[in-house]
Amino acid sequence: MSVIRKKSFSSPDETRTPDKTNVAVLDLGSVKVAQLTVQPGWSWSNCVKPVVGGESCQVHHVGTCVSGRMRVRHDDGTQVDIKAGDAYVIEPGHDGWVVGDDPVVMYEFDHTAAETYAKE
């Protein structure tokens, strides 16, 4: 039997709201996806680290950015800017922050990231 599941981020199954952060999660059965919206002045180290602990983000991210610009720096010093229209994979062990005055909106497709990011 074919299955089609559809939900809207306007009515998420779960919402997480650390400082300057909104994570909207949709549970589509065998898959969870997330919409991450972060405001100007946001950084993982200042806004999410107090919730989850650790020295750097340990989540594996796979997604796409639809607005704004975020700079990501890996623990080894490698850094890259992710902007609207970019798809990305970010391995564990990084920090990130908003660049500029526009909110950043990203969609996360890694099931584990959608399930655990910014969660106590």
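Preceding this paragraph is the structure being described.
Since we're looking at a predicted model, the values are computed, not measured.

**Topic: the pairing of strand β6 (residues 79–83)**
- As judged from the five bridges shared by strand β5 (residues 69–74) and β6, these two strands associate in the antiparallel manner. The partner of Val-72 across the bridge, within β6, is Val-80.
- Between the antiparallel neighbours β5 and β6 lie four residues, among them Gly-77 with a positive phi of about 95 degrees.

**Some remarks on helix α1 (residues 44–52)**
- All buried positions along α1 are accounted for by Trp-44, Cys-47 and Val-48. Looking down the long axis of α1, one finds its buried residues gathered within 105 degrees of arc, a one-sided arrangement. Residues of α1 that are exposed and point more than 90 degrees away from the buried face comprise Asn-46 and Pro-50.
- Elements in contact with the buried residues of α1: β2 (21–27) and β8 (94–98).
- Positive backbone phi, at 75 degrees, marks Gly-53, one or two positions downstream of α1.

**Description of the pattern of salt bridges**
- Tallied over the entire structure, the rule returns seven salt bridges.
- Notably, a salt bridge pairs Arg-16 with Glu-14, separated by 3.0 Å at the nearest N-O pair.
- Here Arg-16 falls in the buried class, since its relative accessible area comes to 5%.
- In this structure Glu-14 comes out as partly exposed when scored by relative accessible area, which is 23%.
- Between Glu-14 and Lys-119 there is a salt bridge whose closest N-O contact spans 3.6 Å. Here Glu-14, found in strand β1 (residues 14–16), pairs with Lys-119, found in the segment after α2 (111–116); they are 105 residues apart in sequence, far enough to count as distant.
- For Lys-119, a relative accessible area of 39% puts it in the partly exposed group.
- When salt bridges that share partners are traced, they join Glu-14, Arg-16 and Lys-119 into one network.

**Considering the sheet that holds β5**
- Reading across the sheet, the three strands line up as β6-β5-β8 and stay open at both edges, with antiparallel pairing between neighbours. The open sheet has two edge strands, β6 and β8, and neither has a second partner. In this sheet, adjacent strand axes meet at a mean angle of 20 degrees when their direction is disregarded.
- Bridge analysis of β5 against β8 gives five bridges, and the strand direction is antiparallel. Across the sheet, the residue bridging to Met-70 is Val-98, located in β8.

**What about the side chain of Asp-95?**
- If you trace the backbone, Asp-95 turns up in strand β8.
- It is Arg-73 that comes nearest to the buried, bridge-free Asp-95 among opposite-charge side chains, at 5.8 Å.
- Reaching out from Asp-95, the side chain makes a polar contact with the side chain of Ser-45 at a distance of 3.1 Å.
- Setting aside residues no more than four positions away along its own chain, Asp-95 makes contact with Trp-44, Ser-45, Arg-71, Val-72 and Arg-73.

The rules behind each value
Position labels on residues start from 1 in each chain and follow its written sequence. The model is predicted, so local features are restricted to residues of pLDDT at least 70 and side-chain atom pairs to those at 80 or more, both for listing and for counting; the totals for chains, interfaces and linings are taken over all residues. Water and hydrogen atoms play no part in the side-chain values, which are based on all heavy atoms of the structure. For two strands to pair, DSSP has to find at least two bridges joining them. Strands here mean DSSP runs of E at least two residues long; helices mean DSSP runs of H or I at least four residues long; both are numbered from the N terminus. Here the term buried applies to any residue with accessible area under 20% of the maximum for its type, exposed to any over 50%, and partly exposed to those in between, with areas from a 1.4 Å probe on protein chains only. What the arc describes is the spread of directions from the helix axis to the C-beta atoms. We call two residues in contact whenever any of their non-hydrogen atoms come within 4.5 Å of each other. The term salt bridge refers to a side-chain nitrogen of Lys or Arg lying within 4 Å of a carboxyl oxygen of Asp or Glu. Geometry is summarised by axes, namely lines fitted to C-alpha atoms with helices restricted to the contacting stretch, and by angles between N-to-C directions that run from 0 to 180 degrees. Charge counting follows a simple rule: Lys and Arg are positive, Asp and Glu are negative, and His as well as the terminal groups are ignored. For the purposes of these results, a polar contact is taken to be a pair of N or O atoms within 3.5 Å, where, inside protein, one atom must be able to donate a hydrogen and its partner to accept one; residues adjacent in sequence count only when each atom of the pair is a side-chain atom.

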